[in-house]
Amino acid sequence: MILAAIEHHQPPGRRLVDDDLAGRFLPMPARWLVAATRPAPLRSLFVRASESMGPGLWVNMACRKRYIADKLNEALGDIDAVVILGAGLDTRAYHLAQHTHIPIFEVDQTINIARKAAIVRRVLGAQPRSVRLVPMDFERDDLLTTLAEHGYQANYRTFFIWEGVTQYLTEDAVRATLEGLRPVPTGSRLVFTYVRRDFIDGTNLYGTRTLYRKVRQRRQLWHFGIQTQDVAAFLDEFDWRLVEQAGPDYFVHNYVKPAGRNLPASQLEWSAYAEKA
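What this report covers is the structure whose coordinates are included nearby. Not measured: the values here are computed from a predicted model.

Conventions we followed
- Residues numbered from 1 in each chain as written.
- Predicted model: local features only at pLDDT ≥ 70, side-chain atom pairs only at ≥ 80, totals over all residues.
- Heavy atoms only, no water.
- Helix = DSSP H or I, 4+ residues; strand = E, 2+ residues; numbered from the N terminus.
- Buried < 20%, exposed > 50% of the residue type's maximum accessible area, 1.4 Å probe, protein only.
- Contact = heavy atoms within 4.5 Å.
- Areas by Shrake-Rupley, 256 points an atom, 1.4 Å probe, with all protein chains shown as cover.
- Core = buried A, V, L, I, M, F, W, Y, C linked by side-chain atoms within 4.5 Å.
- Domains from an automatic or database assignment.
- Arc of directions from axis to C-beta.
- 1 Å grid on protein atoms, 1.4 Å probe; cavity = no way out; pocket = protein on both sides within 12 Å on 5 of 7 lines; lining within 4 Å.
- Points joined across faces, edges and corners; volume = space filled by probe spheres on them.
- Polar contact = N/O pair within 3.5 Å; in protein donor to acceptor, adjacent residues only side chain to side chain.
- Pairing = 2+ DSSP bridges.
- Axes fitted to C-alpha atoms, helices over the stretch in contact; angles between N-to-C directions.
- Salt bridge = Lys/Arg side-chain N within 4 Å of Asp/Glu carboxyl O.
- Parallel < 35°, antiparallel > 145°, perpendicular 65-115°, else oblique.
- Nonpolar A, V, L, I, M, F, W, Y, C, P; charged D, E, K, R; others polar.

1. Side note on the overall build of the protein
Secondary structure summary: the protein contains 13 helices and seven strands in total. Viewed in the frame of its principal axes, the protein has a C-alpha envelope of about 50 × 45 × 35 Å. When each of the 277 residues of the protein is scored for burial, the buried share is 52%. For the protein, long-range pairs separated by at least 24 residues make up 73% of all intrachain contacts whose partners lie at least 6 apart in sequence. Here the protein displays about 12600 Å² of accessible surface, and carbon together with sulfur accounts for 52% of that area.

Right, dumping it as structure tokens:
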């Protein structure tokens, strides 16, 4: 969300992602950081510094948000609800609530949901009626049961968003989540991001040695990965049909170049879009 807030300092036509709420949802120290990047030279310096963690990841993180927004906008006429898994400080639900009254469910750990509720009250004054905050433990709780306790209905054709989450889960938790979504009706959609398995097992670091040390060696923060060529078969196990995948070439061609920016994208992280079969 710091990245999205910093991108908002760019002129409108040069933004990789356009989010006027991102900066307001951040805690005060992060807002100070974002304010410091308002001058273009300091903003460019910050982007370059972030690339030391992983070349191309700035583009991937910004453009995955743009990609998800595009897919959600395309599907709005054909869905009954939106579920954001691992919502964090994401602002998508609150932008969406300004334009539609369909129910939106933000799912996250209890501590994150409490923090989100406080931030929404601070920024917006009150929680929009269409947005429901759902505390859940992905490793232990059943997703649809937990959602039903907060007003979710089994017949909703739902757009599920799983952004920047799967790598933090075990494979068992990823599989359990997808298994839990098996009953959702035909016409539901799923967009999620993932990192490649060969990064998780250390055989290809994609130029991100610093990141690998942080998330795999010093602390075991990332667990799940999958190879791009295996995504379709993996989703098919749970009755989802892969529609397309968006990786570095897609992001550069569709978002970076049209914005007149000269930035690389990483092969490490991809986005996948699927429909319920």
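Now, onward.
2. A few points about the nonpolar core
With 48 residues, the main nonpolar core has Leu16, Val82, Tyr94, Ile104, Phe159 and Ile161 as its most contacted residues. With eight residues, helix H5 (residues 57–75) is the largest single contributor of residues to this core. Shared between two domains, this core holds at least three residues of each, these being domain 1 (1–53) and domain 2 (55–276). Not counting the four nearest positions on each side in its chain, Tyr94 is found in contact with Leu21, Phe25, Glu106, Lys116, Val120, Leu124, Gln127, Pro128, Val131 and Leu133. Ranked by size, the runner-up nonpolar core spans 35 residues in total, among them Leu147, Tyr156, Val174 and Tyr194.

3. Digging into helix H11 (residues 209–218)
Leu211, Tyr212, Val215 and Arg216 are the residues of H11 that are buried. Angular distribution of buried residues about the axis of H11 spans 95°; they occupy a single face of the element. Set apart from the buried face of H11 by more than 90 degrees, the exposed residues are Arg209, Gln217 and Arg218. On its buried face, H11 sits against H5 and helix H10 (197–200).

4. Quick word on the layout of surface pockets
Of the volumes computed, that of the largest pocket is approximately 1600 Å³. Met1, Met61, Arg64, Gly164 and Tyr168 are the residues nearest the centre of the largest pocket, which is lined by 48 residues in total. Looking at the lining of the largest pocket, the elements that each hand over two or more residues are helix H1 (2–7), helix H4 (40–50), H5, strand S1 (81–85), helix H7 (110–124) and H11. Of the residues forming the lining of the largest pocket, the biggest block, five residues, is contributed by H5.

5. Observations concerning the side chain of Gln245
Structurally, the position occupied by Gln245 is in strand S6 (residues 240–246). A distance of 2.4 Å separates a polar atom in the side chain of Gln245 from a polar atom in the side chain of Tyr194. Looking at Gln245, its side chain comes within polar contact range of the main-chain oxygen of Thr228, at 3.0 Å. Sequence-distant contacts of Gln245, defined by excluding residues within four places in its chain, comprise Tyr194, Thr228, Val231, Trp270, Ser271 and Ala272.

6. Focus: the sheet that holds strand S2 (residues 104–108)
Here we have seven strands laid out as an open sheet, ordered S3-S2-S1-S4-S5-S7-S6, and mixed in their pairing. In this open sheet, the two strands that pair with only one neighbour each are strand S3 (131–135) and S6. Looking at each pair of strands side by side, their axes are set apart by 20° on average, direction ignored. Where S1 lies against strand S4 (residues 158–162), four bridges are found, and the strand directions are parallel. The residue of S4 that forms the bridge with Ala81 is Thr158. In the packing of H5 onto the sheet, contacts are made with S1, S4, strand S5 (189–195), S6 and strand S7 (269–276), and the angle to S7 comes to roughly 15°.

7. Some points on the pattern of salt bridges
Across all of its chains, the model carries 20 salt bridges by this definition. Glu269 is the partner of Arg64 in a salt bridge, and the nearest nitrogen-oxygen pair spans 2.6 Å. With Arg64 in helix H5 and Glu269 in strand S7, the pair connects residues that are 205 residues apart, well separated along the chain. Note on accessibility: Arg64 and Glu269 belong to one class, buried. With a shortest N-O distance of 2.9 Å, Glu244 and Lys71 are connected by a salt bridge. Of this pair, Glu244 sits in strand S6 while Lys71 sits in helix H5, and the two are 173 residues apart along the sequence. You can call Lys71 buried: its relative accessible area is 9%.

8. Points about the packing of H5 against helix H13 (residues 248–256)
Here H5 crosses H13 at 70°, and the two axes come no closer than 10 Å. Considering their axes alone, H5 and H13 lie roughly perpendicular with respect to each other. Of the residues in H13, those in contact with Val59, Asn60, Cys63, Arg64, Arg66, Tyr67 and Asp70 of H5 are Tyr250, Phe251, Tyr255 and Val256. Residue composition of the contact of H5 with H13, grouped by class: seven nonpolar, one polar and three charged.

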